[in-house]
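# Descriptive structure summary
One-letter residues, chain by chain:
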Amino acid sequence: MTRTALVTGGTRGIGAAISVALKGAGYTVAANYAGNDEAAAKFTAETGIKTYKWSVADYDACVAGIAKVEAELGPVDILVNNAGITRDGMFHKMTREQWSEVIDTNLSGVFNMTHPIWGGMRDRKFGRVINISSVNGQKGQAGQANYSAAKAGDIGFTRALAQEGARAGITVNAICPGYIGTEMVRAIPEKVLNERIIPQIPVGRLGEPEEIARCVVFLASDDAGFMTGSTISPNGGQFFS
Ligand code: NDP
């Protein structure tokens, strides 16, 4: 039977590439998003992938959204926790709102999505949880105390849960992308990108969303059954962990 994959933030950027790659690999795919209906409608028109709107920051909305996906497409076998935001600012200027929004989405969102799905994966003795963290969760980044904390938290979550899931046939892994050419990164001023960021990347360019998607397809596959609790770092050589 075809396995079902749910990708949070699966309608734009890296998540869209992940949704498309998983569909191409034969999975039934559901792509969640938060509010950009126009992008979601365009994504469905182009790919045929169903989209589902709720915020991963809201636990009850996650429970309801997951129930809808499972009723329509079947139990979620593969969960890709990709949804993420930035609210950058140097720490002395960072507001509590900037802190909370990023923690609620990028860290609590991973709990909110994984928790309602976990029991079903345990019962079925199969699951793949793939968390999209970041190079900035590994190395820390000035101006991103909130983001770096949340993304480092995702790695700790991955390592703890991998130990709980292993005997139940569930693998839990993290991917820590470097700078990828999505809207999130294109929002950085071009001067900063060209003069400060790209020179830090030995490969000499931004990554492509598809380069992250290919890592996800591998982690979702049966071939990756012995890999759990790990962190894959597609970052162009920017940081070795
Ligand atoms: P984009 O901003 O291009 O897309 C973000 C996606 O997440 C959108 O689909 C958006 O939905 C969705 N989203 C945002 N908030 C929520 C929420 N509360 N609930 C549900 N969905 C939400 O991001 P990227 O593709 O650049 O990033 C994807 C992931 O990869 C993030 O976790 C990011 O931190 C991580 N990452 C990105 C890097 C990069 O260089 N781009 C580098 C390292 C990590 P909507 O369209 O409705 O707004």
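Everything below is about the structure printed above this text.
All of the points below concern the structure found in this document. (Residues numbered from 1 in each chain as written. Predicted model: local features only at pLDDT ≥ 70, side-chain atom pairs only at ≥ 80, totals over all residues. Heavy atoms only, no water.)

### Focus: the overall build of the protein chain
The secondary structure content of the protein chain amounts to 9 helices and 7 strands. In summary, the protein chain has a C-alpha radius of gyration of 17 Å against a globular reference of 18 Å for 241 residues, a match within 12%. Structurally, the protein chain occupies a C-alpha span of about 50 × 40 × 35 Å along its principal axes. Taking all 241 residues of the protein chain together, 48% fall into the buried category. Considering only intrachain contacts with a sequence separation of at least 6, the fraction spanning at least 24 residues in the protein chain is 70%. For the protein chain, the exposed area adds up to about 11400 Å²; of that, 54% sits on carbon and sulfur atoms. For the protein chain, the distance from the average position of its 23 positive side-chain charges to the average position of its 23 negative side-chain charges is 3 Å. (Helix = DSSP H or I, 4+ residues; strand = E, 2+ residues; numbered from the N terminus. Rg over C-alpha atoms; globule rule 2.2 N^0.38 Å. Buried < 20%, exposed > 50% of the residue type's maximum accessible area, 1.4 Å probe, protein only. Contact = heavy atoms within 4.5 Å. Areas by Shrake-Rupley, 256 points an atom, 1.4 Å probe, with all protein chains shown as cover. Lys, Arg positive; Asp, Glu negative; His and termini not counted. Charge placed at Lys NZ, Arg CZ, Asp CG, Glu CD.)

### Let's talk about the packing of aromatic side chains
The way to describe two aromatic rings as a pair is by their centre distance and the angle between their planes. Counted according to the given criterion, the structure contains 1 aromatic pair. We note Arg3 situated over the ring of Phe126; from NZ or CZ to the ring centre the distance is 3.8 Å. (Phe/Tyr/Trp six-rings, centres within 6.5 Å; stacked < 30°, edge-to-face > 60°. Lys NZ or Arg CZ within 6 Å of the ring centre and 35° of its normal.)

### Thoughts on the nonpolar core
One finds Ile18, Leu22, Val80, Ile130, Ile175 and Val216 to be the most contacted residues of the largest nonpolar core, which totals 25 residues. Listed by contribution, the elements that provide at least two residues to this core are strand E1 (4-7), helix H1 (13-24), strand E2 (28-33), strand E4 (76-81), strand E5 (127-132) and helix H9 (209-220). Per-element accounting of this core gives the leading share, 6 residues, to H9. Those residues in contact with Ile130 that sit more than four places away from it in its chain are Ile78, Leu79, Val80, Asn81, Asn173, Ile175, Val216, Leu219 and Ala220. Core analysis: the second largest hydrophobic core is formed by 21 residues, Cys62, Ala83, Met121 and Ile170 among them. (Core = buried A, V, L, I, M, F, W, Y, C linked by side-chain atoms within 4.5 Å.)

### Things to note about the pattern of salt bridges
Within the structure shown, the criterion is met by 10 salt bridges. Taking the shortest distance from any N to any O, the salt bridge between Arg205 and Glu211 comes out at 2.9 Å. When its relative accessible area of 39% is taken as the criterion, Arg205 is described as partly exposed. One network of salt bridges, with partners in common, ties together Lys50, Lys68 and Glu72. (Salt bridge = Lys/Arg side-chain N within 4 Å of Asp/Glu carboxyl O.)

### Description of the sheet that holds E2
Ordered in space as E3-E2-E1-E4-E5-E6-E7, the 7 strands form an open sheet in which the pairing is parallel. Pairing within the sheet leaves two strands with one partner each, and these edge strands are strand E3 (50-53) and strand E7 (231-232). Of the strand pairs in this sheet, E5 and strand E6 (residues 170-175) are connected by 6 bridges, and their pairing is parallel. Residue pairing for E6: Ile130 is matched across the bridge by Asn173. Sheet contacts for helix H2 (residues 37-47): E2 and E3; angle to E3, the most-contacted strand, approximately 160 degrees. (Pairing = 2+ DSSP bridges. Axes fitted to C-alpha atoms, helices over the stretch in contact; angles between N-to-C directions.)

### Some remarks on unusual backbone geometry
Backbone geometry places Lys125, a non-glycine residue, at a positive phi of 60 degrees. Residue position: Lys125 is located in the loop between helix H4 (96-124) and E5. Take Lys125: its relative accessible area is 56%, and that puts it in the exposed class.

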